[in-house]
There are 2 protein chains.
Amino acid sequence: MAIAPERIAVDWGTSALRAWAISGSGEVLAEARSDKGMGSLEKSGFEPALLDLVEGWLSGPVDVVACGMVGARQGWVEAPYTPVPCDPREVRRVRAPARDPRLRVSVLGGVKQDSPADVMRGEETQIAGVLTADPGFDGVVCLPGTHTKWAQISAGEIVSFRTFMTGELFALLAHSSVLRHSIGEGWDPDAFEAAVADAMSRPEALASRFFSIRATALLEGENKPAARARLSGLLIGAELAAARPYWLGQRILIVGSEASSAPYAQALGGQGVDCARRDGDAMTRLGLANALVKLGDSV
Amino acid sequence: MAIAPERIAVDWGTSALRAWAISGSGEVLAEARSDKGMGSLEKSGFEPALLDLVEGWLSGPVDVVACGMVGARQGWVEAPYTPVPCDPREVRRVRAPARDPRLRVSVLGGVKQDSPADVMRGEETQIAGVLTADPGFDGVVCLPGTHTKWAQISAGEIVSFRTFMTGELFALLAHSSVLRHSIGEGWDPDAFEAAVADAMSRPEALASRFFSIRATALLEGENKPAARARLSGLLIGAELAAARPYWLGQRILIVGSEASSAPYAQALGGQGVDCARRDGDAMTRLGLANALVKLGDSV
């Protein structure tokens, strides 16, 4: 059966593209995804990549709102950063050039902080989703991922934030370093917990502890699930040591997938911090839906 | 002119193979190298790779001594680790199987430490070179590289050591992470020094400082030499914070190439530590020459 969405929401990151067809009443009618992330596209490739994915949904002109790296300098169109403090539901947006008259595409800009220098693209939409679901939210949102963000939210605004390359470091070390020989699938919660504690008390020793994972495997035999949990625990423990002002005595909401959120919840739980959790994809959709409604208001 | 060495010294690492033809009096007659490192070879590939390189030097049977990853489990033959404390001039060696009767190959084993778990393969030969040049050396040897080692030497023995994955982290972050867009050739000594101080005082913030390099480039414009120096300074600063017992109030000798040693000398100099320096290749050759002489003694 043909669907005829009134709006399309798009989450366009570095490595993936996802789109949702949305009815006039806000219902998700269909979902589609492809691996045509911003990282693999030339400027002229964005419109065809989107059409490939959503052409079957189009009968007439449709409003499209996209968030993420699609708005970077190398993206479809550069959408400028809004400086903190700002309401993530009100970030700057720009029109992306499209030849097909059925596509009316707006790209949401990211959020920047001058000191310390920091940027986000995509996470502001997830935080907008959090504030759409709970307009009174006051506290800290932790968004685990390739570049984990901690954001202080107060009075409906992002007040400050900080990024850690924890996820990217984990991927590089587990798959591309000498540790790849010693790390495998599986998980050992005790090894994780010990590594978090170890890194929180001696975060400077990280580069030495990494090599110790390899040396332990050589001298005592392989335990690939424990090695994987230990690497994750070392990285997250060091992050928690540095992010302490963001979580100590704060109300914490973790926004992400189950896989990326669970280790953070375990590590924070070990520090006596109870965290609420929300699904990252759901928050992205809610943030985009909010942006689409605003678009309707302003037309 | 044909040369007829009495001995051949071989430094066989993960990514490269180097051989020196040595006369009866210890003189280097010739040098050869190839990219047939241990990482690219099957067990059966080691003898052919060596013959490719040195066949022109062979007239009759020759003693060959090899150090490095060639003695790992995946190498030509596994040469067991000698536990610390030990004299690096007396590590265990094993005979490698060779079909060609002209090759009498001994492989030197590495050194291990049970607690904290740590291993070296190759660096023990460089330290043997240091002790061959200066038998009374008492202090700390720092060997910068992919896996930087700090080794406490006393009474002719390696007493303890510690490995940091600093060089491998630098390579992964500079070439394979999001920072690759912001890092280029060149060097900024002031940016390096500031980053060392920053990481020494807040080593736990490393994963956040890394992302700041990218964010600074996006918000303030690119400065690729400064970004490269900053990444190096952050990593070495954190290493110095963790390795403090190895350098504070110690006599330090840095053994390595000019490129890998200079940043360590600058960072330690900033802490008021004067370092002596020796060339890494020269120490490897000296350590191998010492092992070849001992081989002669024991025949």
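Computed from a predicted model, the values in this text were never measured in an experiment.

With respect to the packing of helix α4 (residues 189–201) of chain B against helix α6 (residues 224–242) of chain B
Residue and element names in this part refer to chain B.
- As a packed pair, α4 and α6 sit with axes 7 Å apart at the nearest point and diverge in direction by 35 degrees. Considering only the axes of α4 and α6, their crossing is right-handed. Where α4 abuts α6, its residues Ala-191, Phe-192, Ala-195, Val-196, Asp-198, Ala-199 and Met-200 lie against Ala-226, Ala-229, Arg-230, Ser-232, Gly-233, Leu-234, Ile-236, Gly-237, Ala-238, Leu-240 and Ala-241.
- In terms of residue class, the contact of α4 with α6 is built from 13 nonpolar, three polar and two charged.

Re the relation of the copies chain B and chain A
- Mapping chain B onto chain A is achieved by rotating through 180 degrees and translating by 0.0 Å along the same axis, at an RMSD of 0.0 Å. Here the copies are linked by what is in effect a two-fold axis.
- A share of 100% of interface residues in chain B that are also interface residues in chain A marks the association as one of identical surfaces.

So, the packing of aromatic side chains
- Using the criterion set out here, one finds eight aromatic pairs over all chains in the structure.
- Ring centres of A:Trp12 and A:Phe46 lie 5.2 Å apart, and the angle between their planes is 55 degrees; this geometry places the pair in the tilted category. Linking A:Trp12 in strand β1 (residues 7–12) with A:Phe46 in helix α1 (residues 46–54), this pair joins segments that are 34 residues apart in sequence. Like A:Phe46, A:Trp12 is buried.
- Ring centres of B:Trp187 and B:Phe192 lie 5.2 Å apart, and the angle between their planes is 40 degrees; this geometry places the pair in the tilted category.

Description of the environment of B:Asp188
Residues and elements named next belong to chain B.
- The topology assignment puts Asp-188 in the loop between α3 (166–176) and α4.
- Along the backbone, Asp-188 and Pro-225 are 37 residues apart, and their C-alpha atoms lie at a distance of 5.8 Å.
- Here Asp-188 is in contact with Pro-225, Ala-226 and Ala-229, once residues within four sequence places are set aside.
- One polar contact links the side chain of Asp-188 to the main-chain amide nitrogen of Ala-191, over a distance of 3.0 Å.

Looking at the sheet that holds strand β1 (residues 7–12) of chain B
All names here are of chain B.
- As summarised here, the arrangement of the six strands in space is β3-β2-β1-β4-β7-β6, forming an open sheet in which the pairing is mixed. Unpaired on one side and paired on the other, β3 (28–34) and β6 (93–95) mark the two borders of the sheet. The sheet shows a mean angle of 20 degrees between the axes of neighbouring strands, direction not considered.
- Bridging between β1 and strand β2 (residues 17–22) involves six bridges; their strand directions are antiparallel. Within β2, the residue paired with Ile-8 across the bridge is Ala-21.
- Each of β1, β2, β3, β4 (62–67) and β7 (103–108) is contacted by helix α1 (residues 46–54), which is oriented at about 120 degrees to β1, the strand it contacts most.

Details of the confidence of the model for chain A
- For chain A, mean pLDDT is 95; residues scoring 70 or higher make up 98% of the total.
- In the predicted complex, the global pTM is 0.94; the interface-specific ipTM is 0.93.

What about the pairing of β4(B)?
Residues and elements named next belong to chain B.
- Burial within β4 is extensive, with six of its six residues counted as buried.
- In β4, alternate side chains face the same way, and those of Val-62, Val-64 and Ala-66 on one face and Asp-63, Val-65 and Cys-67 on the other are all buried.
- Across five bridges, the pairing between β1 and β4 is parallel. The residue of β4 that forms the bridge with Arg-7 is Asp-63.
- In this sheet, β7 lies alongside β4 in parallel orientation, the contact comprising five bridges. The partner of Ala-66 across the bridge, within β7, is Val-107.

Overview of the side chain of B:Asp118
- The residue B:Asp118 is located in strand β9 (residues 118–120) in this model.
- Although buried, B:Asp118 forms no salt bridge, and the nearest oppositely charged side chain, B:Lys149, lies 4.4 Å from it.
- Among the polar contacts listed, one links the side chain of B:Asp118 to the side chain of B:Thr163, at a separation of 2.6 Å.
- Not counting the four nearest positions on each side in its chain, B:Asp118 is found in contact with A:Phe211, A:Ala215, A:Leu219, B:Val111, B:Lys112, B:Gln113, B:Lys149, B:Phe161, B:Arg162 and B:Thr163.

Concerning the packing of α3(B) against α6(B)
Residues and elements named next belong to chain B.
- Interaxial distance between α3 and α6 falls to 10 Å at its minimum, and their mutual angle equals 150 degrees. It follows from the interaxial angle that α3 and α6 lie roughly antiparallel. The hand of the α3/α6 crossing is right-handed. Here Thr-166, Leu-169, Phe-170, Leu-173 and Ala-174 of α3 lie close against α6, whose contacting residues are Arg-228, Leu-231, Ser-232, Leu-235, Ile-236 and Glu-239.

Here we look at the nonpolar core
- Ranked by size, the top nonpolar core spans 98 residues in total, and within it A:Trp150, A:Phe210, A:Leu231, B:Trp150, B:Phe210 and B:Leu231 carry the most contacts.
- Contacts of A:Leu231, omitting those with residues within four sequence positions, involve A:Phe170, A:Leu173, A:Ala174, A:Leu179, A:Ile183, A:Phe210 and A:Ile213.
- One finds B:Ala30, B:Leu41, B:Leu53 and B:Ala72 within the second-largest nonpolar core, a separate group that totals 31 residues.

About the criteria used
- Residues numbered from 1 in each chain as written.
- Chains lettered and ligands numbered in written order.
- Predicted model: local features only at pLDDT ≥ 70, side-chain atom pairs only at ≥ 80, totals over all residues.
- Heavy atoms only, no water.
- Axes fitted to C-alpha atoms, helices over the stretch in contact; angles between N-to-C directions.
- Helix = DSSP H or I, 4+ residues; strand = E, 2+ residues; numbered from the N terminus.
- Left-handed = near helix turned anticlockwise from the far one by under 90°.
- Contact = heavy atoms within 4.5 Å.
- Nonpolar A, V, L, I, M, F, W, Y, C, P; charged D, E, K, R; others polar.
- Least-squares fit on C-alpha atoms with pLDDT ≥ 70 in both.
- Phe/Tyr/Trp six-rings, centres within 6.5 Å; stacked < 30°, edge-to-face > 60°.
- Buried < 20%, exposed > 50% of the residue type's maximum accessible area, 1.4 Å probe, protein only.
- Polar contact = N/O pair within 3.5 Å; in protein donor to acceptor, adjacent residues only side chain to side chain.
- Pairing = 2+ DSSP bridges.
- pLDDT = per-residue confidence, 0-100.
- Lys, Arg positive; Asp, Glu negative; His and termini not counted.
- Salt bridge = Lys/Arg side-chain N within 4 Å of Asp/Glu carboxyl O.
- Parallel < 35°, antiparallel > 145°, perpendicular 65-115°, else oblique.
- Core = buried A, V, L, I, M, F, W, Y, C linked by side-chain atoms within 4.5 Å.

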